Amino acid sequence: AKRNRMTIDDLLEAGYLAPLSTPKGGIKTRFSVEGVGKSGGDFKAGELAAAVDVDDVTQAACAELARLGYDRKSWLVFATSVKHAEHICAALHSRGVHAEMVTGTTPKSVRRRITARCISGELRCLVNVGCLTTGFNARGIDLVAFMRPTLSASLYVQMAGRGMRQSP
């Protein structure tokens with residue numbers, strides 16, 4: 001039997017998802033993944049974190065994020081590691097952007113409290129490490145920052161999908 005499958009294009013066309021857009025002129029900050037090993041269809045986590053969590057790159061990315069996101073209300077940032085998330089939060093704080101983080105080891109009650117603040121619009125920027133790629137529905141997310149490069153198309157779609165929920 002032939003299975004019917006919905007594609008992202010189908011969901012966009014039907015109005016279930018909002019399209020993503022890249023700022024005019026594109027994104028200037030780039031993460032170098034040169035020499036990062038691969039395993040299981042994606043980058044090796046430890047090597048990726050070491051390659052991406054570089055202070056001048058994090059500072060440049062956060063400066064660009066603050067500049068491009070000035071008119072956005074609810075940001076979701078994907079980081080490579082706990083330390084990287086901490087560095088992102090600190091760089092954003094230094095630019096006047098309140099950011100908090102959640103990780104796979106954040107106690108569930110704390111994670112629920114922080115994500116609820118994000119969903120309600122009380123928290124402007126939520127930085128996460130590998131825990132909000134599925135099952136996190138915050139319709140108000142209007143900026144997604146990929147500070148965690150991936151080779152996995154499915155992971156990319158999951159991350160992007162967090163910012164594609166329809167919302168007024």
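Now for a quick tour of the structure. Please read all numbers here as calculations on a predicted model, not as lab measurements.

1. Digging into the packing of aromatic side chains
Then, in step 1: Within the structure shown, the criterion is met by two aromatic pairs.
Then, in step 2: Put simply, the rings of F78, F146 and Y156 touch in pairs and so form one group of aromatic residues.

2. Concerning the environment of P107
Then, in step 1: Mapped onto the secondary structure, P107 falls in the loop between β4 (99–103) and α5 (108–120).
Then, in step 2: Separated by 101 residues in the primary sequence, P107 and M6 place their C-alpha atoms 35 Å from one another.

3. Examining the pairing of strand β5 (residues 125–129)
Then, in step 1: Where burial is concerned, most of β5 is hidden: five out of the five residues are buried.
Then, in step 2: Of the two faces of β5, the one carrying C125, V127 and V129 and the one carrying L126 and N128 are both buried.
Then, in step 3: Note that strand β3 (residues 75–78) and β5 share four bridges and pair parallel. The residue bridging W75 from the neighbouring strand is C125, located in β5.
Then, in step 4: Here β4 pairs with β5 via five bridges, running parallel. Looking at β5, one finds that V102 is bridged to N128.
Then, in step 5: In terms of handedness, the path from β4 via α5 over to β5 forms a crossover that is right-handed.

4. Considerations on the pattern of salt bridges
Then, in step 1: One pass over the structure, following the stated rule, counts five salt bridges.
Then, in step 2: In this structure, E86 and K83 form a salt bridge, with 3.6 Å as the shortest nitrogen-oxygen distance. Highlighted residues: E86 and K83, both in helix α4 (residues 82–93), separated by three residues, approximately one helical turn.
Then, in step 3: Judged by its relative accessible area of 52%, K83 falls in the exposed class.
Then, in step 4: Across the pair E122 and R117 runs a salt bridge, and its minimum N-O distance is 3.1 Å.
Then, in step 5: E122 sits in the exposed class, given a relative accessible area of 54%.

5. Details of the side chain of T115
Then, in step 1: Within the element layout of this structure, T115 appears in helix α5.
Then, in step 2: Looking at T115, the relative accessible area reads 11%, which means it is buried.

6. Quick notes on the pairing of β3
Then, in step 1: Covered by surrounding structure in β3 are W75 and V77 together with L76 and F78, the residues of both alternating faces.
Then, in step 2: Sheet analysis places β3 next to strand β6 (residues 143–146), joined by four bridges and oriented parallel. Opposite V77, over in β6, you have A145 as the bridge partner.

About the criteria used
Residues numbered from 1 in each chain as written. Predicted model: local features only at pLDDT ≥ 70, side-chain atom pairs only at ≥ 80, totals over all residues. Heavy atoms only, no water. Phe/Tyr/Trp six-rings, centres within 6.5 Å; stacked < 30°, edge-to-face > 60°. Helix = DSSP H or I, 4+ residues; strand = E, 2+ residues; numbered from the N terminus. Buried < 20%, exposed > 50% of the residue type's maximum accessible area, 1.4 Å probe, protein only. Pairing = 2+ DSSP bridges. Right-handed = clockwise from strand over helix to strand, strands pointing away. Salt bridge = Lys/Arg side-chain N within 4 Å of Asp/Glu carboxyl O.

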